[in-house]
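Examination of the molecular architecture
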Amino acid sequence: MFELTIRAGAQQRTVPAQDGQLVSDLLQQYIPSFALPCAGNHTCGKCRVHIAGEVEPAGESEARQLGAQALAKGIRLACACRIRGDAVVTLHEAGASKIVAWYELPDFERTERGCGFAVDIGTTTVAVQLIDRATGAVLAERLAENAQRGYGADVISRIEACKTVGLDVLSDRIAAQIEAMAQECLRESGVTQVEESVVTGNSTMLHLYEGLDPASLAVVPFDVQSYFGCNSRRTLAGAPVYLPRCVGAYVGADIICAILAADLTNGGIQLLTDIGTNGEMALAGNGKLLCCATAAGPAFEGAGLSSGMPAAPGAIRAVAETDGSVTYETVGDQPACGICGSGILDALSVMLHREIIDDSGYLENEDGDEDDVWEISDSGVNITQRDVRQIQLAKSAICAGLITLLEHEGLSAAEVSRFVIAGGFGNTINQDSAAEIGLFPAALRRRTSFIGNGALGGASMLLSNRGLRAQTEQLAQRAEELSLSTSAEFMDYYVDCMAFAQF
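These lines cover the structure that appears in this document, whether it is placed above or below.

1. Side note on the overall build of the protein
The helix and strand tally for the protein stands at 14 helices and 22 strands. Taking 2.2 N^0.38 as the reference for a compact globule, 503 residues should give roughly 23 Å; the C-alpha atoms of the protein span a radius of gyration of 23 Å, in line with that estimate. By its C-alpha atoms, the protein is 60 × 55 × 45 Å across when sized along the principal axes. Out of the 503 residues belonging to the protein, those deemed buried represent 54%. For the protein, long-range pairs separated by at least 24 residues make up 68% of all intrachain contacts whose partners lie at least 6 apart in sequence. Accessible surface, the protein as shown: approximately 20,100 Å² in total, 46% of it carbon and sulfur. Averaging the positions of the 35 positive and the 63 negative side-chain charges in the protein gives two centres separated by 6 Å.

2. Looking at the layout of surface pockets
To locate leftover empty space, one rolls a probe as large as a water molecule over the atoms. Its volume calculated, the second largest pocket comes out at about 960 Å³. What lines the second largest pocket is a set of 44 residues, among which I156, Y250, T294, A295 and A296 lie closest to the centre. Elements represented by at least two residues in the lining of the second largest pocket include exactly α4 (155–164), β14 (288–294), α9 (385–408) and α14 (488–496). With five residues, the top contributor of residues to the lining of the second largest pocket is α9. In terms of residue class, the lining of the second largest pocket is built from 28 nonpolar, 13 polar and three charged.

3. Side note on empty space enclosed by the protein
Considering all chains together, one arrives at two cavities of 30 Å³ or more under this definition. In this structure, the largest cavity occupies an estimated 60 Å³ of space. Taken together, the residues of the lining of the largest cavity break down into six nonpolar, two polar and two charged. As for the second largest cavity, its lining consists of V155, N202, S203, T204, A249, Y250, N278 and E280.

4. Examining the pairing of strand β3 (residues 48–55)
Pairing between β3 and strand β4 (residues 75–77): three bridges, direction antiparallel. Residue R48 lies in a different strand from β4, and its bridge partner there is L77. Pairing between β3 and strand β5 (residues 83–91): six bridges, direction antiparallel. The residue bridging A52 from the neighbouring strand is V88, located in β5.

5. Describing the pattern of salt bridges
Evaluation of the coordinates by the stated rule reveals 17 salt bridges. Between E184 and R142 there is a salt bridge, and its shortest N-O distance comes to 2.9 Å. One end of the pair, E184, is in helix α5 (residues 167–189); the other, R142, is in strand β8 (residues 138–145), with 42 residues separating them in the sequence. By relative accessible area, E184 is classed as partly exposed at 32%. One salt bridge in this structure joins E188 and R142, with 2.7 Å as the shortest N-O distance. In this pair, E188 is assigned in helix α5 and R142 in strand β8, connecting sequence segments 46 residues apart. Classification of R142 by relative accessible area gives partly exposed; the value is 23%. Among the charged side chains, a salt-bridge network with shared partners connects R133, E196, R466 and R469.

6. Quick notes on unusual backbone geometry
That bond from V220 to P221 is cis: its omega, 10°, falls within 30 degrees of zero. On the secondary structure map, P221 appears in the loop between α6 (203–210) and β10 (228–236). For D323, which is not a glycine, the phi torsion comes out positive at approximately 50°. Structurally, D323 can be placed in the loop between β15 (315–322) and β16 (325–330). On the basis of relative accessible area, D323 is assigned to the exposed category, the value being 79%. The phi angle at D333 is positive, at roughly 55°, despite the residue not being glycine. Looking at where D333 falls in the secondary structure, it is placed in the loop between β16 and β17 (338–339). Look at D333 and you get exposed, because its relative accessible area is 69%.

Conventions we followed
Residues numbered from 1 in each chain as written. Predicted model: local features only at pLDDT ≥ 70, side-chain atom pairs only at ≥ 80, totals over all residues. Heavy atoms only, no water. Helix = DSSP H or I, 4+ residues; strand = E, 2+ residues; numbered from the N terminus. Rg over C-alpha atoms; globule rule 2.2 N^0.38 Å. Buried < 20%, exposed > 50% of the residue type's maximum accessible area, 1.4 Å probe, protein only. Contact = heavy atoms within 4.5 Å. Areas by Shrake-Rupley, 256 points an atom, 1.4 Å probe, with all protein chains shown as cover. Lys, Arg positive; Asp, Glu negative; His and termini not counted. Charge placed at Lys NZ, Arg CZ, Asp CG, Glu CD. 1 Å grid on protein atoms, 1.4 Å probe; cavity = no way out; pocket = protein on both sides within 12 Å on 5 of 7 lines; lining within 4 Å. Points joined across faces, edges and corners; volume = space filled by probe spheres on them. Nonpolar A, V, L, I, M, F, W, Y, C, P; charged D, E, K, R; others polar. Pairing = 2+ DSSP bridges. Salt bridge = Lys/Arg side-chain N within 4 Å of Asp/Glu carboxyl O.

Structural data, given as structure tokens:
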């Protein structure tokens, strides 16, 4: 038996370790929030730590991902590094993420009194707000990365994890996280009692919260254990919890809440997308509500990119070309240490304009040498060929989904009266850059409005007006779910939308 000393900021602890044990297994055991975006499949290279002591030498795959310079400094991938004796691991701290939790709401009647919690369980981010139901005032809030992230960055990874570590582990972890966040809000606000809470999320997240096996969500015919639209088996801060209704396996309660917050069914042809790990979309018009979801992946939120990170201090959030030079801005005006989703879209737009990438995404340095890396000015932050491909896949999924929705109803982008973008990432993007690289059809550019975290906003509405719950349940029941996984049109558009071009 050996000892592993874990250093995280000012804190340090020493834990027992067995010969051959993975560092990632120990970190997940003693620091549950430690992230493994690819679920330990050695593909993302994001679980970098500093190791000193007796560990197994890096293998070929790990050495290729890290490079000789990083290895020489003691940097290792936690998911690939095995203990061979006493060692010390130091975790890198990127700073607290700047996760936007604001939202805009339409006018509605507040019928309830007392306080309650609105909760959005995102695949990547969890948001909890303590709300005065009579006024809508946010009394306290907590924002954190989903505590399940150690089991993968996407819903499929989480579903697979239920088979290996057990459903109860993932279920209890998210429930405990939300309870802890709620208790922190109560202590901060001085509120001693809440009347009720509303917890929303995609279908997988709600299944996991309730402790329902999500396995059927990942295989044809994509059956659900529950559509919800009911009270949870759990309580939050000792009060009942309402779970809004889902549409189907991949169109969850979060998009229904966003539809409510966007007032999407109030006249005209309106289109909504929640840009995040799960790209969920809805088209309302002519008395119909059509929804779909596409696997955009976590690249928009920084995961899987070589220098990707959340919108934390030091993250490049904007890139521009000014007087022939490339300039950039970082979160908090701190020295650049990575790049977040909005920054990568800007960077790709600049690269396209400067012909550093062509419309196929092929990357060539400005000096004409073929290479797979481009540095953003003098930031020290690089965009690699693989980064370009990751965003290419994600943006193609979003754009193709939007086009497929419109085509299904015989509509063009020009006929859309309002295009609503929801989600934390969606709030920060430069719509010109997004249209330039083909994230959404260019005709939507001047019809765009941002509503922030629409899922959380809709949950707050359901918390303050119980009558709206029946309305959203009816919306979910009458909504039509368009399955993109079986759509030949979507696959054709998906291939076409790979190009970095305006559509």
